[in-house]
Amino acid sequence: MNWIKILKAYHQGKFNRYYYGLTPRMIIGASQHPIGTAFENEQVAYDTAYGIFEEMVEYNEDGLIVTSNYCGIHKGPVLSFTEGNLTADSIGTSFKSIWDRYGDEIISGEFGISDYDKKTLNEID
C-alpha cells in the first residue's frame, strides 16, 4: 500500500483514534509489503524513508498537500493531508527531524502499527 492511500484514508476519517496525523514510522511500515515488514538494513530503511518524504514534499494533487503537526504523545512530527494550495515548504518539518525522532524505530522495524491500525489498513483499497 502506498503512503498516499494511507493519508487519504486518514483524511477521510478512517483512523478516527488519531487527532493530529499519523506517525512517519507507521506510514513507512504500512507501506511495506507485507505491512510491517522490517528493512534488510539501515541504508535501505533510510533510503525508503527519504524517498517517501521527498514524494510527500512534492505532493499537491486534488487540492491536498502533506503537512505536519507536533504530537506530544509521540514527541515528534505526525503527518496528514490538508486542503490548500501551499508550496512544497508547507510540510512544516524536515526529513532530519523525522529521521532524528523515528529513524531508530524505522530501522528496527518498530513501526507502531497496532491491531486497530492493521484492521483499518486492511479496509483501505
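Residues numbered from 1 in each chain as written. Predicted model: local features only at pLDDT ≥ 70, side-chain atom pairs only at ≥ 80, totals over all residues. Heavy atoms only, no water.

## Here's the deal with the confidence of the model for the protein chain
Stage number 1. Confidence in the prediction for the protein chain averages 92 pLDDT; 95% of positions are at 70 or higher.
Stage number 2. Mean pLDDT values over the elements of the protein chain span from 86, in strand E1 (residues 60–61), up to 97, in helix H2 (residues 24–30). (pLDDT = per-residue confidence, 0-100. Helix = DSSP H or I, 4+ residues; strand = E, 2+ residues; numbered from the N terminus.)

## Quick word on the pattern of salt bridges
Stage number 1. Within the structure shown, the criterion is met by five salt bridges.
Stage number 2. When the shortest N-O distance is used, the salt bridge between Lys96 and Asp100 registers 2.6 Å. Placement of both Lys96 and Asp100 in helix H4 (residues 95–108) is noted, with a separation of four residues, approximately one turn of the helix. Taken as a pair, Lys96 and Asp100 share a single burial class, namely exposed.
Stage number 3. One network of salt bridges, with partners in common, ties together Arg25, Arg101 and Glu105. (Salt bridge = Lys/Arg side-chain N within 4 Å of Asp/Glu carboxyl O. Buried < 20%, exposed > 50% of the residue type's maximum accessible area, 1.4 Å probe, protein only.)

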